[in-house]
Amino acid sequence: MSETFTKSMARNIFYGGSVFFFLLFLALTFASHQEFPKRDNHEALTPIVAKGKRVWETHDCIGCHTLLGEGAYFAPELGNVYKRFGNSTEAIKAFIKSRPVDGVPGRRSMPQFNLSDEELEAVAQFLKYASGIKTVRSWPPNIKG
Amino acid sequence: MKYQSQSVAKLYFIAAIGLFVGQILFGLVMGLQYVVGDFLFPEIPFNVARMVHTNLLIVWLLFGFMGSAYYLVPEEAERELVAPWLAKLMFWIFLAAGAATIVGYLLLSYSDLAKLTQDDLLPTMGREFLEQPTITKLGIVVVALAFLFSIGMTILKGRKTVVNLVLLIGLTGLAVFFLFSFYNPENLVLDKYYWWWVVHLWVEGVWELILGSILAFILIKTTGVDREVIEKWLYVIIAMTLITGLIGTGHHYYWIGTPAFWQWWGSIFSAMEPIPFFMMTIFAFNMVNRRRRNHPNKAAVLWALGTAVMAFLGAGVWGFLHTLAPVNYYTHGTQITAAHGHMAFYGAYVMIVLAMISYAMPMLRGRRAANSPRSQVLEMWSFWLMTVSMVFITLFLTGAGILQTYLQRYSDQPLDFMTVQDKISLFYWLRELAGAVFLIGLVIYVVSFFAGTDEPEVAEKVEVDA
């Protein structure tokens with residue numbers, strides 16, 4: 001690097017640039033919060049949905065599935081599974097309930113989690129709530145996820 | 001080794017390598033489960049193997065960063081470490097907490113682990129990469145605070161160099177942003193928004209400061225180039241990192257219920273994220289070309305150059321590949337992401353830790369500057385085997401990802417997820433094969449520590465003027 005560009009100039013760019021862009025990031029975060037209520041489907045956030053999120057978390061569903069594209073890539077996207085299953089929480093519950101304990105020979109299979117009826121209902125309601133989040137361009141691109 | 005207290009780094013490095021081996025073994029298990037779906041089912045389901053694989057990675061990299069800091073901070077500060085006993089104590093606490101967590105994942109069902117650790121009191125579990133029980137997370141905070149205390153006090157009381165200051169800023173940022181792992185709101189959009197404050201601001205933010213300062217330290221030591229020159233480069237590189245990377249967080253805010261303006265901010269700034277990595281490559285090669293000495297530790301220089309190149313390819317090029325919002329619309333959450341993740345982590349963080357271990361370990365084991373030629377040759381073989389197989393893992397996953405994106409999302413007749421997975425299984429088999437070669441490279445790496453330990457060192461050649 002050229003001699004006229006000194007170390008203290010480089011240092012000032014680092015400190016100045018970092019502080020400026022961090023403040024800009026905070027401003028954009030503030031602007032995001034203004035818009036979250038229009039998109040985040042909070043009207044549907046009932047106690048049963050909150051419980052469903054706990055069921056989702058305590059069984060590490062994200063370790064195989066993606067939810068709005070984030071998670072593991074071993075099993076289908078679940079951000080729109082409610083729609084894929086014909087807008088039916090019953091179909092989601094029936095699927096989770098029917099997983100074979102010992103899996104399927106040679107194939108991937110979701111574990112049998114032995115969820116209680118309440119937990120099943122909660123996690124299905126949680127997935128229904130997730131499908132109501134208004135993502136830009138209605139991601140995922142199609143019903144297959 | 002100039003200061004006695006630097007020796008605590010050895011413990012950290014040994015643990016790091018041990019956990020690295022575990023990480024790779026579980027990676028191979030997962031890779032096989034991709035094609036033989038019932039492998040180890042239901043004893044070790046995929047999600048458990050994945051948790052072990054990713055959590056071991058994070059923990060061993062943290063061990064590596066801490067070991068690197070304990071080695072280089074005293075040397076830069078020109079004084080002994082403050083409270084080396086604390087560093088040793090924290091090592092055992094961190095190792096015990098890490099081991100207990102991994103054993104918990106493997107022996108208990110995850111829901112039982114959540115119950116056992118009272119996750120309902122302060123729910124933080126069950127989110128990607130942050131699966132650790134809350135009690136483990138609290139342990140990590142304690143270890144991080146004690147670590148920052150001893151590193152920070154050493155720097156404060158000693159000579160203040162740019163390498164030390166940048167490292168300290170990076171490590172402080174690491175600790176601060178980890179605190180967002182305790183924020184887990186019921187609102188999924190908010191949860192996801194702030195989850196990235198840990199994950200993105202770590203790996204595309206403050207971790208790059210740690211990477212930069214360790215790389216600068218190794219280059220100062222092995223090339224003998226004037227510190228002023230190297231420190232100027234370091235400032236410019238990390239400036240570009242944060243200028244692009246902070247707003248670059250926006251490339252995770254495209255499709256999770258966040259506002260549409262992030263499509264622009266995220267695309268533009270994250271498209272510039274390769275710049276600091278490209279500068280790092282130029283920097284490393286420039287310094288080695290302008291070297292004033294030929295350091296006898298060839299392996300360490302190879303890792304240092306390797307990390308500069310592979311970080312640019314993995315984080316820079318493979319990141320750019322799918323970072324623009326219109327592209328990401330189709331690729332988000334596919335094997336393209338997995339391809340990028342593998343090469344970026346290996347190139348940027350695995351290789352910098354291995355570079356530091358390669359540089360420091362000979363001195364920590366009582367040699368003057370470098371291992372014997374026999375040991376170095378083995379280490380360099382492991383470098384090429386692991387690096388080339390990681391390139392192939394990335395290429396095969398990219399192939400899988402392109403097909404998956406097309407068949408499942410882009411074509412006129414989109415197919416089901418599992419139908420597509422069956423169609424692209426050839427790529428998963430090839431990835432597993434490349435993974436097996438990676439393991440061979442890793443075994444050779446471990447063996448290199450035990451080879452030629454009784455052989456004398458090669459004396460340093462007198463400087464050559466290029």
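Residues numbered from 1 in each chain as written. Chains lettered and ligands numbered in written order. Predicted model: local features only at pLDDT ≥ 70, side-chain atom pairs only at ≥ 80, totals over all residues. Heavy atoms only, no water.

1. Re the overall build of chain A
- Scanning chain A from N- to C-terminus turns up five helices and two strands.
- Moving toward the C terminus, one meets the helices and strands of chain A in the order α-α-β-β-α-α-α.
- Here the C-alpha atoms of chain A give a radius of gyration of 22 Å, more than 25% beyond the 15 Å that 2.2 N^0.38 yields for 145 residues.
- The principal-axis extent of the C-alpha atoms belonging to chain A is close to 70 × 40 × 30 Å.
- Sorting the 145 residues of chain A into buried and exposed places 50% on the buried side.
- Put simply, of all contacts in chain A between residues at least 6 apart along the chain, 57% involve residues at least 24 apart.
- Only carbon and sulfur atoms are counted for the fraction: they give 62% of the accessible area of chain A, which is about 6700 Å².
- Each charge sign in chain A was given a centre, from 18 positive and 14 negative side chains, and these centres are 6 Å apart. (Helix = DSSP H or I, 4+ residues; strand = E, 2+ residues; numbered from the N terminus. Rg over C-alpha atoms; globule rule 2.2 N^0.38 Å. Buried < 20%, exposed > 50% of the residue type's maximum accessible area, 1.4 Å probe, protein only. Contact = heavy atoms within 4.5 Å. Areas by Shrake-Rupley, 256 points an atom, 1.4 Å probe, with all protein chains shown as cover. Lys, Arg positive; Asp, Glu negative; His and termini not counted. Charge placed at Lys NZ, Arg CZ, Asp CG, Glu CD.)

2. A few points about the packing of aromatic side chains
- What the rule picks out here adds up to 60 aromatic pairs over all chains.
- For the ring pair Tyr 71 of chain B and Tyr 359 of chain B, a centre distance of 6.3 Å and an interplane angle of 85 degrees mean the geometry is edge-to-face. Of this pair, Tyr 71 of chain B sits in helix 2 (residues 46–77) while Tyr 359 of chain B sits in helix 13 (residues 335–364); the two residues are 288 residues apart in sequence, bridging distant segments of the chain. Tyr 359 of chain B shares its class with Tyr 71 of chain B; the two are buried.
- Note on Phe 278 of chain B and Phe 312 of chain B: the rings are 5.2 Å apart at their centroids and 55 degrees apart in plane angle, and the pair reads as tilted. Linking Phe 278 of chain B in helix 10 (residues 274–289) with Phe 312 of chain B in helix 11 (residues 298–321), this pair joins segments that are 34 residues apart in sequence.
- Classification of Phe 278 of chain B by relative accessible area gives partly exposed; the value is 43%.
- Site record: aromatic cluster; members linked through ring pairs are Phe 25 and Phe 36 of chain A together with Phe 177, Phe 180, Tyr 183, Tyr 193, Tyr 194, Trp 197, Tyr 253, Phe 261 and Trp 262 of chain B.
- The ring of Phe 74 of chain A carries Arg 108 of chain A above its face, with NZ or CZ at 4.5 Å from the centroid. (Phe/Tyr/Trp six-rings, centres within 6.5 Å; stacked < 30°, edge-to-face > 60°. Lys NZ or Arg CZ within 6 Å of the ring centre and 35° of its normal.)

3. Concerning empty space enclosed by the protein
- Counting across every chain of the model gives seven cavities of 30 Å³ or more.
- Around the second largest cavity, the lining is made up of 14 residues, and of these Ile 62 of chain A together with Arg 127, Glu 128, Asp 191 and Lys 192 of chain B lie nearest the centre.
- Elements supplying a minimum of two residues to the lining of the second largest cavity: helix 2 (47–58) and strand 2 (70–71) of chain A together with helix 7 (188–223) of chain B.
- With four residues, helix 7 of chain B is the largest single contributor of residues to the lining of the second largest cavity.
- For the lining of the second largest cavity, the per-class residue count stands at five nonpolar, two polar and seven charged. (1 Å grid on protein atoms, 1.4 Å probe; cavity = no way out; pocket = protein on both sides within 12 Å on 5 of 7 lines; lining within 4 Å. Points joined across faces, edges and corners; volume = space filled by probe spheres on them. Nonpolar A, V, L, I, M, F, W, Y, C, P; charged D, E, K, R; others polar.)

4. Remarks on helix 2 of chain A
- A rise of 1.5 Å per residue sets the reference length of helix 2 of chain A, with its twelve residues, at 16 Å; its end C-alpha atoms lie 17 Å apart and thus fit the reference within 8%.
- Taken across its twelve residues, helix 2 of chain A has nine buried, putting it largely inside the fold.
- Every buried residue of helix 2 of chain A is listed here: Val 49, Ala 50, Gly 52, Lys 53, Arg 54, Val 55, Trp 56, Glu 57 and Thr 58 of chain A.
- For helix 2 of chain A, the secondary structure elements touched by its buried residues are strand 1 (66–67) and helix 5 (117–131) of chain A together with helix 4 (110–116) and helix 7 of chain B.
- Positive phi appears at Asp 60 of chain A, one or two residues downstream of helix 2 of chain A, with a value of about 50 degrees. (Expected span 1.5 Å × (residues − 1).)

5. A look at the nonpolar core
- By size, the foremost hydrophobic cluster in this structure holds 199 residues, and its most contacted members are Trp 60, Phe 65, Tyr 70, Trp 202 and Trp 207 of chain B.
- Element by element, the count of residues in this core is highest for helix 7 of chain B, at 25 residues.
- The residue makeup of this core includes at least three contributed by each of domain 1 (1–39) and domain 2 (42–138) of chain A.
- Non-local contacts of Trp 60 of chain B, meaning those with residues more than four positions away in its chain, are made with Ala 16, Leu 19, Phe 20, Gln 23, Val 350, Val 353 and Leu 354 of chain B.
- In terms of nonpolar packing, the next biggest core, distinct from the first, is built from six residues, Val 136 and Trp 139 of chain A together with Tyr 254 and Ala 325 of chain B among them. (Core = buried A, V, L, I, M, F, W, Y, C linked by side-chain atoms within 4.5 Å. Domains from an automatic or database assignment.)

6. Overview of the interface of chain A and chain B
- Chain A puts 73 residues into the contact, and the matching count from chain B is 90 residues.
- When chain A packs against chain B, the two sides together hide about 7100 Å² of surface, and 64% of this comes from carbon and sulfur.
- The largest contributions to the chain A side of the interface with chain B come from Lys 7, Phe 25 and Tyr 73 of chain A, which together make up 11% of the buried area.
- The tally of links between chain A and chain B comes to eight salt bridges.
- A salt bridge links Lys 144 of chain A to Asp 416 of chain B; the shortest N-O distance between them is 3.1 Å.
- The tally of links between chain A and chain B comes to 35 residue pairs in polar contact (both at pLDDT 80 or more).
- For the side of chain A that touches chain B, the elements supplying multiple residues, two or more each, are helix 1 (7–39), helix 2, strand 1, strand 2 and helix 5 of chain A.
- Sorting elements by how many residues they give to the side of chain A that touches chain B places helix 1 of chain A first, with 21 residues. (Buried area = accessible area lost by both parts, 1.4 Å probe. Salt bridge = Lys/Arg side-chain N within 4 Å of Asp/Glu carboxyl O. Polar contact = N/O pair within 3.5 Å; in protein donor to acceptor, adjacent residues only side chain to side chain.)

7. Notes on the side chain of Thr 258 of chain B
- As for its position among the elements, Thr 258 of chain B is in the loop between helix 8 (227–248) and helix 9 (261–271).
- At 2.7 Å, the side chain of Thr 258 of chain B and the backbone oxygen of Tyr 253 of chain B are in polar contact.
- Non-local contacts of Thr 258 of chain B, meaning those with residues more than four positions away in its chain, are made with Phe 36, Arg 39 and Val 136 of chain A together with Tyr 193 and Tyr 253 of chain B.

8. Quick look at a nonpolar patch on the surface
Residue and element names in this part refer to chain B.
- On the surface, Val 103, Leu 106, Leu 107, Leu 108 and Leu 116 cluster together into a nonpolar patch covering about 460 Å² of accessible area.
- When residues of the nonpolar patch are assigned to their parent elements, the largest contribution, three residues, is made by helix 3 (residues 84–107).
- By the secondary structure assignment, Leu 116 is in helix 4.
- Judged by its relative accessible area of 62%, Leu 116 falls in the exposed class. (Patch = residues over 30% accessible without salt bridge, like charges linked within 9 Å, V, L, I, M, F, W, Y side chains within 5 Å.)

9. Here we look at the side chain of Thr 334 of chain B
Residue and element names in this part refer to chain B.
- Note on placement: Thr 334 falls in the loop between helix 12 (325–331) and helix 13.
- By relative accessible area, Thr 334 is classed as buried at 2%.
- Side-chain polar atoms of Thr 334 contact the backbone oxygen of Thr 331, separated by 2.7 Å.

10. Some details on the packing of helix 11 of chain B against helix 14 (residues 373–410) of chain B
All names here are of chain B.
- Relative orientation of the contacting elements helix 11 and helix 14 amounts to 5 degrees, with a least axis distance of 10 Å. The angle between helix 11 and helix 14 falls in the class roughly parallel. For the pair formed by helix 11 and helix 14, the contact residues are Lys 298, Ala 299, Leu 302, Trp 303, Gly 306, Met 310, Trp 318 and Leu 321 on the first element and Gln 376, Glu 379, Met 380, Ser 382, Phe 383, Trp 384, Met 386, Thr 387, Val 391, Thr 394, Leu 395 and Thr 398 on the second.
- A class-by-class count of the residues in the contact of helix 11 with helix 14 yields twelve nonpolar, six polar and two charged. (Axes fitted to C-alpha atoms, helices over the stretch in contact; angles between N-to-C directions. Parallel < 35°, antiparallel > 145°, perpendicular 65-115°, else oblique.)

11. What about the domain arrangement of chain A?
- Here chain A is partitioned into domain 1 (1–39) and domain 2 (42–138).
- Between the C-alpha centres of domain 1 of chain A and domain 2 of chain A the distance comes to 38 Å.

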